Amino acid sequence: RRRVLMASRRKVRGRGLAPTPVGAAVETGASASGRDGPEGQPSSKANLVPRARYCLQLASKDSAKAILEYAVGQMVDRGLNVKLMDAKYLIVSPKEMEVLTLEAENHKYLKALKNSDEEVVVFSRAVLDQVKPSDGNHVFTQAEEMKLLYHVLQSVTIDPKVLEKLKVCVGEENGFLTRLKSSNPPVLEDAFPMHESTGLKELARGLKMSFLPTNGLPLKEIRKYFGEDVTFYFSWMQFYAKWIWCPALCGLLMWLLRPSGVTVDNDPYLPFYSIFMAVWGVLFLIFWQRQSAVNSYNWNTHSHSAVELERPEFHGVLSPDPVTRKPRLYYPSWKRRLWYVFSFTAMLPLLFVGVCVMALSLNLNGYIKDKNSPIYVASLSKYAAPVIMFTVFELLTLCMLF
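A few points on the structure. In this convention, every chain numbers its residues from 1, walking through the sequence in written order. Whole-chain, interface and lining totals are the exception, using all residues; otherwise, since this is a predicted model, local features are given only for residues with pLDDT of at least 70 and side-chain atom pairs are given and counted only at 80 or more. Hydrogens and waters are ignored; side-chain quantities use all the structure's heavy atoms.

## What about the side chain of S235?
Here comes step 1: Strands here are runs of E lasting at least two residues and helices are runs of H or I lasting at least four, both read from the DSSP assignment and numbered beginning at the N terminus. Within the secondary structure, S235 sits in helix 9 (residues 228-243).
Here comes step 2: Of the residues examined, S235 reaches a relative accessible area of 4% and is grouped as buried.
Here comes step 3: Note on definitions: a residue-residue contact is assigned when non-hydrogen atoms from the two residues lie within 4.5 Å. Excluding anything up to four places from it in sequence, S235 contacts L219, W288 and N295. Exposure is judged per residue with a 1.4 Å probe applied to protein chains only, and the accessible area is read against the type maximum: over 50% gives exposed, under 20% gives buried, and values in between give partly exposed.

What follows is the structure, given as structure tokens:
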């Protein structure tokens, strides 16, 4: 194991951790693979080496040194390792797995027990040895570690008074990352999780095999790497792709058996195909609900609810939530209604101009032939040119609307 760790360190030094141009940083090395048994086999003991990495992109390379030192110090006090890279990126990782296990305990994660595939318990550090590994010999999947690290980062505390002394104003938003991205001037430009090379290779291998007709999508690997929300999308796509074969074959059969000289719209079998599609649509929804319930049960997400993240650009007044009584940002309703009125008032003249231009184009194309029509313009109808003028006025209409 020592030789593997030394080799992985040399590999990391040789390749570096620079983010790719598309905005995702890829970490290389075998230290985060979680395979510490003989010949690459997972050991029976849980691997407590965290794999999660987050990249914080600074708003400017010229960010004040005092601001960086303060932000880094607060993250270190929260139990995180921070490394500066290329003078613009901060690579953040947990010092120990205990940082993530404590956060999982606070969020009441559900984990399966080793001796039972169906029995789940609320995770706590006291039952750590009884929890069934979720990814190889790791307690949490790659996606769960990323989510936990995100929650840890958001819980880092900062003192607005200290930042004011450093000439940085922060709002009353909740969350460390959100406040630094919406500060004036902004300290962070973006924050995103980093890829893990081993998990990415396993996922790519499974996706390549999914092209075979006998294989489906590697939903297990997708869930481990991206989480349940992304896996639900791929599960739906796979379910839809299987079910769409039936109406596709029936439609092709109807097209082949149509009488000669008859279009599809006048096909005598069309009413029967319409009834079939109505029944197919109802059955599709029913069976997808069943499949979705099965996925939710297997992935322990039946008690989860969607979490909406606050945009850094959102500003409002900090007031207690009427349900949870926790402080939350609210935008006054009277200001929102005022913007609605302003938008509606500004759009009316533009819509009127667009309708007028469309009426002129219809006259130039000769579509308005009724002289009693309220939009008939005799001086334009006599210059009707079916193709050229219509294209010109269509472009003018698009320019006016957009």
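## Comments concerning the environment of V168
Here comes step 1: If you trace the backbone, V168 turns up in the loop between helix 5 (160-165) and helix 6 (176-181).
Here comes step 2: A sequence separation of 12 residues divides V168 from L180, and the C-alpha atoms of the two residues are 9.3 Å apart.
Here comes step 3: Dropping the residues within four chain positions of it, V168 is found in contact with I67, L163, S183, N184, P185 and V187.

## Focus on a nonpolar patch on the surface
Here comes step 1: Patch definition: residues with relative accessible area over 30% and no salt bridge; like charges joined within 9 Å; nonpolar side chains (Val, Leu, Ile, Met, Phe, Trp, Tyr) joined within 5 Å. Per-residue accessibility takes into account occlusion by the displayed protein chains alone, with areas from the Shrake-Rupley method and a 1.4 Å probe. Only one rule defines a salt bridge in this text: a Lys or Arg side-chain nitrogen within 4 Å of an Asp or Glu carboxyl oxygen. On the surface, a cluster of nonpolar side chains totalling about 840 Å² of accessible area is made up of L252, L253, W255, L256, L257, V264, Y269 and F272.
Here comes step 2: Here L253 lies in helix 10 (residues 245-256).

## Concerning the nonpolar core
Here comes step 1: Joining through side-chain atoms within 4.5 Å is the link that ties buried Ala, Val, Leu, Ile, Met, Phe, Trp, Tyr and Cys residues into a set, and such a set is a nonpolar core. Among the nonpolar cores identified, the biggest contains 40 residues, and L56, M75 and L153 are the most heavily contacted of them.
Here comes step 2: Among the secondary structure elements, those contributing two or more residues to this core are strand 2 (54-58), helix 2 (65-77), strand 4 (89-94), helix 3 (97-106), helix 4 (142-154), helix 6 and strand 7 (188-193).
Here comes step 3: Residue contacts for L153: discarding those within four places in its chain leaves Y54, L56, M75, L80, V92, F176 and L177.
Here comes step 4: Core analysis: the next-biggest nonpolar cluster, separate from the first, contains 6 residues, C55, M85, Y89 and I91 among them.

## Section: the packing of aromatic side chains
The description of two aromatic rings rests on the distance between their centres and on the angle between their planes.
Here comes step 1: Aromatic rings from Phe, Tyr and Trp, taking only the six-membered ring of Trp, are treated as a pair when their centres fall within 6.5 Å; an angle between ring planes under 30 degrees marks them as stacked, one over 60 as edge-to-face, and anything in between as tilted. This structure, assessed with the given rule, holds 17 aromatic pairs.
Here comes step 2: Centroid distance Y233 to F234: 5.5 Å. Interplanar angle 75°. Geometry classified as edge-to-face.
Here comes step 3: Residue Y233 is classed as partly exposed on the basis of its relative accessible area, which comes to 48%.
Here comes step 4: For F234, a relative accessible area of 28% corresponds to the partly exposed category.
Here comes step 5: Every member of this aromatic cluster is reached through a ring pair, and the members are W236, F239, Y240, W243, W280, F284, F287 and W288.

## Thoughts on helix 12 (residues 333-365)
Here comes step 1: Helix span is expected to be 1.5 Å times the residue number reduced by one. The terminal C-alpha atoms of helix 12, which comprises 33 residues, lie 47 Å apart, in line with the 48 Å expected from a rise of 1.5 Å per residue.
Here comes step 2: A residue's bend is the angle separating two fitted axes: one through the seven residues that end there, the other through the seven that start there. Along its length, helix 12 reaches its greatest deviation from straightness, about 25°, at L348, and the proline P349 lies no more than four positions downstream.
Here comes step 3: Of the positions making up helix 12, those classed as buried are G354, V357, A359, S361, N363, L364 and N365.
Here comes step 4: Looking one or two places after helix 12, you find G366, whose phi comes out positive at around 80°.

## Quick look at the environment of L177
Here comes step 1: Its place among the elements puts L177 in helix 6.
Here comes step 2: On the basis of relative accessible area, L177 is assigned to the buried category, the value being 3%.
Here comes step 3: Put simply, L177 and H151 are 26 residues apart on the chain and 9.9 Å apart in space, counted from C-alpha to C-alpha.
Here comes step 4: If we ignore the near neighbours within four places in the chain, the residues touching L177 are L56, Y150, L153, Q154, L188 and A191.

## With respect to the packing of helix 8 (residues 219-226) against helix 9
Here comes step 1: For helices, the fitted line uses only the C-alpha atoms of the stretch in contact; every axis is such a line through C-alpha atoms, and the angle between N-to-C directions lies from 0 to 180 degrees. Here helix 8 crosses helix 9 at 155°, and the two axes come no closer than 7 Å. Looking at the two axes, helix 8 sits roughly antiparallel to helix 9. Crossing hand, helix 8 versus helix 9: right-handed. On helix 9, the residues touching L219, I222, R223 and F226 of helix 8 are E228, D229, V230, T231, F234, S235 and Q238.
Here comes step 2: For this scheme, ten residues count as nonpolar: Ala, Val, Leu, Ile, Met, Phe, Trp, Tyr, Cys and Pro. Four count as charged, namely Asp, Glu, Lys and Arg, and the remainder, Gly too, count as polar. Counted by class, the contact of helix 8 with helix 9 contains 5 nonpolar, 3 polar and 3 charged residues. In this scheme, roughly parallel covers angles under 35 degrees and roughly antiparallel covers those over 145, while 65 to 115 is roughly perpendicular and the rest are oblique. For any helix crossing, the convention is left-handed if the near helix is rotated counterclockwise from the far helix by under a right angle, and right-handed if that rotation is clockwise.

## Let's talk about the pattern of salt bridges
Here comes step 1: With the rule as written, the count across this model stands at 7 salt bridges.
Here comes step 2: Two residues, E145 and R51, come together in a salt bridge whose shortest N-O distance is 3.4 Å. Residue E145 is located in helix 4, and its partner R51 is located in the loop between strand 1 (26-27) and strand 2; the two are separated by 94 residues in the primary sequence.
Here comes step 3: We classify E145 as buried; its relative accessible area is 0%.
Here comes step 4: A relative accessible area of 3% places R51 in the buried class.
Here comes step 5: In this structure, the salt-bridge partner of E144 is K111, at a minimum N-O distance of 3.0 Å. Separated by 33 residues along the polypeptide, E144 in helix 4 and K111 in strand 5 (residues 110-112) bring together distant segments of the chain.

## Quick word on the sheet that holds strand 4
Here comes step 1: Across the sheet, 4 strands lie side by side as 3-4-2-7; this open sheet has antiparallel pairing. Pairing within the sheet leaves two strands with one partner each, and these edge strands are strand 3 (80-85) and strand 7. If you compare each strand with its neighbour and ignore which way they point, the axes differ by 20° on average.
Here comes step 2: With 5 bridges connecting them, strand 2 and strand 7 associate as antiparallel partners. Note that in strand 7 the partner of L58 across the bridge is L188.
Here comes step 3: The strands touched by helix 2 are strand 2, strand 3 and strand 4; relative to strand 3, the strand with the most contacts, the crossing angle is about 150°. Between any two strands, at least two bridges found by DSSP are needed for them to pair.

## Focus on the pairing of strand 4
Here comes step 1: Most of strand 4 is tucked away: 6 of the 6 residues are buried.
Here comes step 2: On strand 4, burial covers both faces: Y89, I91 and S93 on one face and L90, V92 and P94 on the other are all buried.
Here comes step 3: As paired elements, strand 2 and strand 4 share 4 bridges and run antiparallel to each other. Paired with Q57 across the bridge in strand 4 is Y89.
Here comes step 4: The antiparallel pairing of strand 3 with strand 4 creates a hairpin that spans 3 residues between the two strands, and D86 there sits at a positive phi of about 55°.

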